[in-house]
Structures are given as structure tokens and as C-alpha cells.
Amino acid sequence: MSATMTETHLPDPIAQAEFYAGVPFKRFLAWVIDILVIGLISAVIATLPLFIGWFFYPFIFLVLSFVYRIATITSGSATWGMRLFNIELRNRQGQHLDGAEALIHTTGYMIASAFFIPQLISLILMLISERGQGLHDLLCGTAAINKPQRY
């Protein structure tokens, strides 16, 4: 691997530790908020066609979750839950994620979440890696950071 492939412009986890302080716990809380939002919207959608949608609730939830994550990450590099806890995703260059990166990140997240072992690996990596990156973050070159303060 060349040096350019591993080079990153993300904040340094040692020199700029404030960017990563408490992020794994905030990500968990954000995930809970996002699941509640997606679940509530899915319930409304499932109820609209005379409650017939409840037979398809898991599918509605899955599709809505995918669309919600891509749309919110594309629009602000964070889901609504992440925004509530003042964290955001950044790519290898330290920039906000664009639509293609949000699609790749969300796909990686959904695949990792669908299986126990990758999900467990992601959780462990978030707790022990210097940048708190999950498996899908490492593969995409993204990291969740505390949102920089603008003055």
C-alpha cells in the first residue's frame, strides 16, 4: 500500500482528542433516537393503507431506514440523532460525506447490522480504535467526530 492510500485528513486522535471524546456513547444514543424516528414513521406508513402495511412492517422499516440514513447523511453528514448529540461523519479528506459516500456508508452499515459477527466486530472496534470507527467506517474511510465549534 502506498502512503497516499492510508493518508487521512481526519483530526488526529492524540493531538486533537476532543474531536473523539465521548463519540462512541453519543453514537449509541443517536442510534436509539434514529431507530425511534424510523420506527414511528414506519408505523404511520404501515397504518395509512387501512393497517394492511403492518404485514409488511419489517420491509417498510428496512427501506425507510436506508432512505432516511442516506438522505440525512447527504444533507448534513449526520442523521437526526447524530445532529441531536452534535456529532457528524467525515470522510478520509476530513470533509462532509456527499451522496455517493452516504450511499456506500449506509450500505456498509446495513450489511454489518444484518449479521451478528460483523455487528459485534463493529461495536468492539468503536470501543477500542483510536477514532472510534466501526467496521463499516474503516472500510469506507469515515469517522464520526464531535462537530467542530464555529465562532
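What you see is a predicted model; the values in this text were computed from it and never measured. (Residues numbered from 1 in each chain as written. Predicted model: local features only at pLDDT ≥ 70, side-chain atom pairs only at ≥ 80, totals over all residues. Heavy atoms only, no water.)

Moving on, we get to the packing of aromatic side chains. Under the criterion given, the structure shown has four aromatic pairs. Seen in terms of ring centroids, Trp54 and Tyr57 are 4.9 Å apart; in terms of plane orientation they differ by 10°. Their pairing is stacked. Given the relative accessible area of 39%, Trp54 is considered partly exposed. (Phe/Tyr/Trp six-rings, centres within 6.5 Å; stacked < 30°, edge-to-face > 60°. Buried < 20%, exposed > 50% of the residue type's maximum accessible area, 1.4 Å probe, protein only.)

Attention now moves to the confidence of the model for the chain. Scored by pLDDT, the chain has a mean of 92; 94% of the residues are at 70 or more. Taken together, the stretch residues 1-5 has pLDDT below 50 and engages in two contacts with residues farther than four places along the chain or on a different chain. (pLDDT = per-residue confidence, 0-100. Contact = heavy atoms within 4.5 Å.)

It is worth spelling out the layout of surface pockets at this point. In this model, the largest pocket occupies a volume close to 630 Å³. Along its surface, the largest pocket is lined by 25 residues, and Arg27, Phe28, Trp31, Tyr109 and Met126 are the ones closest to its centre. Those elements giving two or more residues to the lining of the largest pocket turn out to be helix 2 (23-47), helix 3 (57-76), helix 5 (99-114) and helix 6 (116-128). In terms of residue class, the lining of the largest pocket is made up of 15 nonpolar, seven polar and three charged. (1 Å grid on protein atoms, 1.4 Å probe; cavity = no way out; pocket = protein on both sides within 12 Å on 5 of 7 lines; lining within 4 Å. Points joined across faces, edges and corners; volume = space filled by probe spheres on them. Helix = DSSP H or I, 4+ residues; strand = E, 2+ residues; numbered from the N terminus. Nonpolar A, V, L, I, M, F, W, Y, C, P; charged D, E, K, R; others polar.)

Now for helix 3. Helix length check: helix 3, at 20 residues, gives a terminal C-alpha distance of 28 Å against a target of 28 Å (1.5 Å per residue), a fit within 8%. Listed as buried for helix 3 are Ile60, Leu64, Ser65, Tyr68, Arg69, Ile70, Thr72 and Ile73. Downstream of helix 3 by a residue or two, Ser77 has a phi angle that is positive, lying close to 60°. (Expected span 1.5 Å × (residues − 1).)

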